[in-house]
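Here are the chains, one letter per residue:
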Amino acid sequence: MTNVSVEQVWDWLEAVPDPEMPVISLVDLGIIRNVGWNGDTLEVTVTPTYSGCPATSLINMEIETALRNNGIEKLKLKRQLSPAWTTDWLTESGKAKLEQYGIAPPQPSGGPQRCPHCGGSHLEKISQFGSTPCKAHWRCKECLEPFDYFKCI
Amino acid sequence: MDLKEALERFALRMGDNTLVLGHRVSEWCGHAPVLEEDIALANTALDLIGQTQFWLGLAAEVQEEGKTADNLAFLRDAWDFRNLLLVELPNGDFGRTLMRQFLFDAWQSIYLPRLAKSSDERVAAIAEKASKEAAYHVERSADTVVGLGDGTEESHARMQKALEYLWPYVGEIFATDEADDILAEAGVAVHPESLKDEFYDLVTRVLNEATLDIPQDLFFHKGGRNGVCHTEHLGHMLTEMQWLQRAYPGATW
C-alpha cells in the first residue's frame, strides 16, 4: 500500500474542529506544525496553545480518530514546544470565523478592535481570563453584551 | 556533582514549584470572591500544572529510571520535594494568595525569558512556552496587588499584612547551591543570583505603586529548595493532592 499524500492528510485535518471553538479547525488554529511520513508511519506534530490547556489531550484524540477513520494505521503524534504557539499562526479565515461566532480575534494592540456582536468600539476589559486559557473576558459599552476576546500571545 | 545531577535537581525545583503552587491556587476553585477571579485563578493553576508536566517530564527523562512526570508528582513524599517554601504556604485570604502569586510571577517573568536561551534545547523550549504565560500572569497579579494595596483601608491593611507574612520567604529564591553554579557554568540555566537586582527593582516598583511598605528585615527562611526542611504545610497538602495514589496505589485514569 502506498502512503497517501501529505496534502490529503492536511485536508483531513482541516475538517477536524477545535473542541472548544468548533467553528474553526485545528489547522485554522495553527497548532498542527508538521505532517510527514517516516517509512510507513504517519507523523503529525502538534503544539499546545497553553501549557495547561485541558483540550490538548482531547485534540490529540480527535486527530487520531479522524486519521484512523480515513484508514491511517500507523500513526505517531509528536509534541513540539518550540517555537511556542502564537496567535500569529491563526489563519485569516480562522480569525474571520471566530468573529462571526462571537469571539473577537486577537489584535497586536493587546485588546479587541471591535465588538463581535454590534461592531461597537467602546469596549472594556472585565477580566484577563475568560472561558478558556486562550481567551479574556470583555464587554461592549454600546450594546452592553459581554464577549470573549482571543488573547494575543 | 555532575551536570546530569545538577540538571535533574533544577528540573525538579522548577516542576515542584509550579506543581505545589498550581495545587494551592487550584484550592480556590469555586471559592473565589467573584466569578471572574475564580476563573482567573483556575486558569493560572492550569498553566502552572501544564508547566509542571514539562518540567517534571524533563526531570524524569534526565533521571533515566523509567519514571514519568505523574510518578514524580504523586509518588514522592514531602522530603523529596524541592519547591520554595513560599509556594507551599497555605493560601490565607485572597489578598495573600495574590501577593504570593505576584512575588512568584515577578521572579518567573524575569527568569524564564533567560532560560529560553539555555544551551539545553529541552530547557529552552519549556521556558520559551512558559515565559509567555508568566508574562500574562504577572500583568494580572501586579495589577491586583496595586488595586488592593492602594484600595480601601481594609484591603490595604490586609495586603500589608500579607507582604509582611510572605516577605521572609522571598530570599530563598536566591539561596543557591553547587547545582546552580554548575548549570550557570554550562550555560544551561542563568545563575539565580544574576536576577536579583532586576527582581527587586520590579517588586519595589509595584509595591510602591501599591502604597505598601517593604519590610527591611533581611532574614529569610530556607529549606524547601534544598529539601532540608519543608514547613509542616507541605505534608498536609500532599495528603490531599496524592490521596488517590495513596488510597489506591497504581490506579490509572
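Just so you know, the residues in each chain are numbered from 1, in the order the chain's sequence is written. To label them, take the chains in the order written and letter them from A, then take the ligands in the order written and number them from 1. Local features in this predicted model are restricted to residues of pLDDT 70 or higher, and side-chain atom pairs are both shown and tallied only at a pLDDT of 80 or more, whereas totals for entire chains, interfaces and linings draw on every residue.

(A) Summary view of the sheet that holds strand E2 (residues 41-46) of chain A. All names here are of chain A. Here, any two strands with at least 2 DSSP bridges between them count as paired. Here a helix means four or more residues in a row that DSSP labels H or I, a strand means two or more in a row labelled E, and each is numbered from the N terminus. Spatially, three strands are ordered E1-E2-E3 in an open sheet, and the strand pairing comes out mixed. Either end of the sheet is taken by a strand with one partner, and the two such strands are strand E1 (32-38) and strand E3 (75-79). Taken over all neighbouring pairs, the strand axes of this sheet differ in orientation by 20° on average, direction set aside. Judged from the five bridges that link them, E2 and E3 form a sheet pairing that is parallel. In the strand pairing of E3, Thr45 is matched with Lys78. A pair of residues counts as a contact when their C-beta atoms, built from backbone coordinates, are within 7 Å of each other. Think of each axis as a best-fit line through the C-alpha atoms, taken over the contacting stretch in the case of a helix, with angles from 0 to 180 degrees between the N-to-C directions. Contacts between helix H1 (residues 6-14) and the sheet are confined to E1 and E2, with E1 contributing the most and set at about 140° to the helix.

(B) Geometry of the confidence of the model for chain B. Known as pLDDT, the predictor's per-residue confidence is scaled from 0 to 100. Predicted confidence across chain B gives a mean pLDDT of 96, with 100% of residues reaching 70 or more. Predicted as a complex, the structure gets a pTM of 0.93 and an ipTM equal to 0.87.

(C) Structural context of the domain arrangement of chain A. Residues and elements named next belong to chain A. The domain boundaries here were taken from an automatic or database domain assignment. Looking at the assigned domains, one finds that chain A contains domain 1 (6-85) and domain 2 (88-150). On the domain 2 side, the residues contacting the 12 residues of domain 1 number 12 residues. Just so you know the grouping, Ala, Val, Leu, Ile, Met, Phe, Trp, Tyr, Cys and Pro go in nonpolar, Asp, Glu, Lys and Arg go in charged, and all remaining residues, Gly too, go in polar. Taken together, the residues that form the side of domain 1 that touches domain 2 break down as seven nonpolar, three polar and two charged.

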